[in-house]
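Take a look at the letters that make up each chain.
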Amino acid sequence: MNMNTYIEEAEGALLHTYNRFPIVFESGDGVYLKDLNGKRYLDFVSGIGVFALGYNNKAYNDAVKSQVDKIMHTSNYYYNVPAIEAAKKLKAVSGMDRVFFTNSGAEAVEGAIKTARKYAYLKDGKTDHEIIAMEHSFHGRTMGALSVTGTPKYREAFQPMIGNIRFARLNDIESVKQQITDKTCAIIMETVQGEGGIYPAEKAFLQEIRQICDEKDILLILDEIQCGMGRCGEMFAWQDYGVKPDVMTCAKALGCGVPVGAFLMTEKVGQNSLVAGDHGTTYGGNPLGGAAISKVMDLFEEEKVLENVREVSAYLAEKLDEIAALRDDIIMHRGKGLMRGLEFKNPVGDIINRALDKGLVLINAGTNVIRFLPPLIIRKEHVDEMIAILKECL
Ligand SMILES: *Cc1c(COP(=O)(O)O)cnc(C)c1O
C-alpha cells in the first residue's frame with residue numbers, strides 16, 4: 001500500500017484528535033527519519049523530545065530486545081531487577097530519594113499532585129488544599145494534569161477540573177505571592193515551559209519560589225518531562241538553577257521510545273505522603289521499561305550526551321540568534337540547551353510544511369513559535385544542514 005492509502009485508512013479508523021502531517025514514518029537512523037516512500041528527513045523534533053539518543057541506537061535496541069526475550073511484565077507485587085537498577089541510576093543522577101515509575105508523563109503528574117495533597121493532609125487533616133500552577137504551562141491531558149495546565153482552551157469543555165487550582169505568571173514572583181493562601185500545598189511548574197512556547201524560568205524567580213516554599217512548607221513540583229533528561233545541558237534543567245524540587249516528574253526521553261515516566265521525591269516527602277494502598281499502576285516499573293531506562297542512563301554517560309548538548313546547543317543558539325537578528329518577521333529566539341524556540345510575528349504552520357517538503361522535521365509550540373527539539377546526539381554539521389533548509393523556507 002502506498003502512503004496516501006495508509007493515511008486514508010488512518011483517517012477512517014483513528015479518533016480525530018490530531019491534525020497530522022501527511023507523512024508515514026517507517027524507520028529512523030541516528031538523526032534521520034525515513035518515510036514509506038523512502039524519503040529521508042533530518043529530525044529536529046525527536047518525537048517531541050523522546051528520542052534523545054537518536055534512532056536505531058544498537059546498544060539500546062539490544063538491551064530492549066534481550067529484555068523482551070527474558071520477561072516484560074511481572075506486576076508491582078513482586079520485585080524485578082531492571083526496575084531496581086533503573087531506580088538506583090535515576091536517584092544517582094537526580095539526587096532525589098524515592099522513585100515511582102509510571103507509563104507516561106501525565107500519569108507522573110497525577111502522582112505528583114496526589115503526593116502533594118497527601119503530604120498536606122497528613123499535616124492538618126484538611127481536604128481543601130490548593131495548588132498553584134503557571135499560565136501557559138502544559139502538564140498533560142488527564143483530568144489532574146489538565147487541571148494544572150495553563151491553557152484555558154484545553155480545559156474548557158472538560159470542566160469541572162479537580163478544583164482548588166490557582167494560576168500565576170511565570171517569572172512574575174508577585175503574581176505567585178498573590179495566589180498563596182494558608183491552603184496552598186504545592187507550586188507546580190515546568191523548569192522550561194515547552195508546549196506553551198519555550199519559556200525558561202528565570203533563575204531569580206525559581207530561587208524565590210524555592211524560598212517561599214521552604215518558609216511555608218509548600219512542595220515545589222518541577223515538571224521535567226520535556227526539559228529534563230539532558231535536554232537543557234544538565235541531567236535535569238533545575239540543576240542549573242541552584243534549587244532542588246521536593247517532587248519532580250520525568251518522562252519523554254526517560255525511556256527513549258519505550259513509554260515510561262516517573263515521579264521522584266525527597267526522603268522527607270517520601271516519608272510523609274503516599275503509603276501502601278494510596279497509589280498504584282499495573283504497568284509502571286515493569287522489567288521492559290526498567291531495562292530501557294537503565295540502558296538510557298548508561299548510554300548518556302558512555303556517549304557523553306551532556307557534553308554534546310552543551311557544545312552543540314551553544315552553536316545552535318548562535319545560529320538561531322543570527323537568523324533572528326536578520327529577519328523582521330521574527331520577534332525573538334529563546335530557550336535553553338537543545339530546547340529552543342523562534343517566535344515569529346505570524347503563524348508558523350506554512351514554514352513547517354515547507355520544511356517537511358524539503359526533508360526537515362520541525363514542530364511548533366503555540367501558533368507563532370517554531371520549536372527545536374533535536375535528538376541530543378546531533379552534531380554541528382546537522383545544525384548547519386538544518387539552518388540551510390530553514391533559511392530556504394523563510
Ligand atoms: C509531554 C508533557 C507532558 C505529558 O506527557 P505525556 O507522556 O504525553 O502524558 C507533561 N508535561 C510536560 C512538560 C510535557 O512536555
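Our structure is the block above this text.
This write-up is about the structure you can find in this document. (Residues numbered from 1 in each chain as written. Predicted model: local features only at pLDDT ≥ 70, side-chain atom pairs only at ≥ 80, totals over all residues. Heavy atoms only, no water.)

### Considerations on the sheet that holds strand β17 (residues 369–372)
An order of β13-β14-β17-β16 is seen for the four strands of this open sheet, with the pairing classed as antiparallel. A single partner strand is all that each edge strand has here, and the edge strands are β13 (330–336) and β16 (363–364). Summarising the sheet, strand β14 (residues 339–344) and β17 pair through four bridges and their orientation is antiparallel. Opposite G341, over in β17, you have R371 as the bridge partner. (Pairing = 2+ DSSP bridges. Helix = DSSP H or I, 4+ residues; strand = E, 2+ residues; numbered from the N terminus.)

### Remarks on the nonpolar core
One finds I209 and M229 to be the most contacted residues of the largest nonpolar core, which totals 99 residues. In contact with I209, not counting residues within four places along its chain, are M134, I173, V176, I187, M189 and L220. Counting residues in each nonpolar core, the second largest holds 24 residues, with I113, Y119, A120 and I131 among its members. (Core = buried A, V, L, I, M, F, W, Y, C linked by side-chain atoms within 4.5 Å. Buried < 20%, exposed > 50% of the residue type's maximum accessible area, 1.4 Å probe, protein only. Contact = heavy atoms within 4.5 Å.)

### Re the pairing of strand β12 (residues 261–265)
Counted residue by residue, β12 has five buried out of five residues, so it is predominantly covered. Side-chain alternation along β12 places G261, F263 and M265 on one buried face and A262 and L264 on a second face that is also buried. Alignment of strand β4 (residues 98–102) against β12, held across five bridges, turns out to be antiparallel. Looking at the pairing, F101 lines up with A262 of β12. Where strand β11 (residues 247–250) meets β12, four bridges bridge the pair, whose relative direction is antiparallel. Bridged to C250 within β12 is A262.

### Here's the deal with the sheet that holds strand β1 (residues 25–29)
Spatially, β1-β2-β3-β15 is the arrangement adopted by the four strands of the open sheet, whose pairing is mixed. Of all the strands in the sheet, just β1 and β15 (360–361) have a single pairing partner and so form its edges. As paired strands, strand β3 (residues 40–43) and β15 are joined by two bridges and run parallel to one another. The partner of D43 across the bridge, within β15, is V361.

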